[in-house]
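Report on the structure
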Amino acid sequence: MAEAAPRQEGNQMHVIPDRPRRTQDGAEEGAGRRTGDRGIDAQAENTSGAAKRFKKTGTGKIMRAKAFKRHILTSKTTKSKRHMRGSVQVSDGDSYKLEKMLPYK
């Protein structure tokens, strides 16, 4: 599929692709197997940054460490540091995203 020349639209440059051409039998031109394509789908992997920061429990819940306990601890009270211990469950909104990031964990 050939690309048209870039077109100026406001402050953004947009490349508008040409429509795919169809052959007489109705199939798109160039829709067959490409030369470099081996027909193998990419395997899903854990996102390495998320794998270091989150753990899954036996029941499938995702746990995270509490925040604000890495540095400048002298200015924090003992009570606040004590409450920052341990780990807590990730919120429902974030757990959906993390399930996709950690398919094998």
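Here the structure is shown first, and the text comes after it.
Reading the values: rules and limits
- Residues numbered from 1 in each chain as written.
- Predicted model: local features only at pLDDT ≥ 70, side-chain atom pairs only at ≥ 80, totals over all residues.
- Heavy atoms only, no water.
- Helix = DSSP H or I, 4+ residues; strand = E, 2+ residues; numbered from the N terminus.
- Buried < 20%, exposed > 50% of the residue type's maximum accessible area, 1.4 Å probe, protein only.
- Contact = heavy atoms within 4.5 Å.
- Areas by Shrake-Rupley, 256 points an atom, 1.4 Å probe, with all protein chains shown as cover.
- Pairing = 2+ DSSP bridges.
- Axes fitted to C-alpha atoms, helices over the stretch in contact; angles between N-to-C directions.
- Patch = residues over 30% accessible without salt bridge, like charges linked within 9 Å, V, L, I, M, F, W, Y side chains within 5 Å.
- Salt bridge = Lys/Arg side-chain N within 4 Å of Asp/Glu carboxyl O.
- Lys, Arg positive; Asp, Glu negative; His and termini not counted.
- Charge placed at Lys NZ, Arg CZ, Asp CG, Glu CD.
- Polar contact = N/O pair within 3.5 Å; in protein donor to acceptor, adjacent residues only side chain to side chain.

Each helix and strand counted, the protein has 3 helices and 5 strands in total. Walking the protein from its N terminus toward its C terminus, one meets helices and strands in the order β-β-α-β-β-α-β-α. Of all 105 residues assigned to the protein, the portion counted as buried reaches 8%. Looking at the protein alone, contacts between residues at least 24 apart form 44% of all its contacts between residues at least 6 apart. Accessible area for the protein stands at about 9500 Å²; split by element, carbon and sulfur atoms hold 49% of it.

What follows is about unusual backbone geometry. One non-glycine residue, F68, lies in positive phi territory at about 70 degrees. With respect to the helices, strands and loops of the structure, F68 is situated in the loop between β4 (62-65) and α2 (78-83). Even without being glycine, I72 reaches a positive phi, approximately 55 degrees.

Here we come to the sheet that holds strand β5 (residues 87-89). One open sheet accounts for 3 strands, arranged β3-β4-β5; its pairing is antiparallel. One side of each edge strand has no neighbouring strand; the edge strands of this open sheet are β3 (54-56) and β5. When strand polarity is set aside, the average angle formed by the axes of neighbouring strands in this sheet is 35 degrees.

Moving on, we come to a positive patch on the surface. Among the surface-exposed residues, K69, K79, R82 and R85 lie close enough to one another that they form a single positively charged patch. Mapped onto the secondary structure, R85 falls in the loop between α2 and β5. Of the residues examined, R85 reaches a relative accessible area of 56% and is grouped as exposed.

Position of S91 relative to the elements: it lies in the loop between β5 and α3 (92-101). Through-space distance from the C-alpha of S91 to that of I62 is 8.8 Å; in sequence the pair is 29 residues apart. Polar contacts involving the side chain of S91 include one to the side chain of D94, which spans 3.2 Å.

Distances and angles like these do not, on their own, reveal function.
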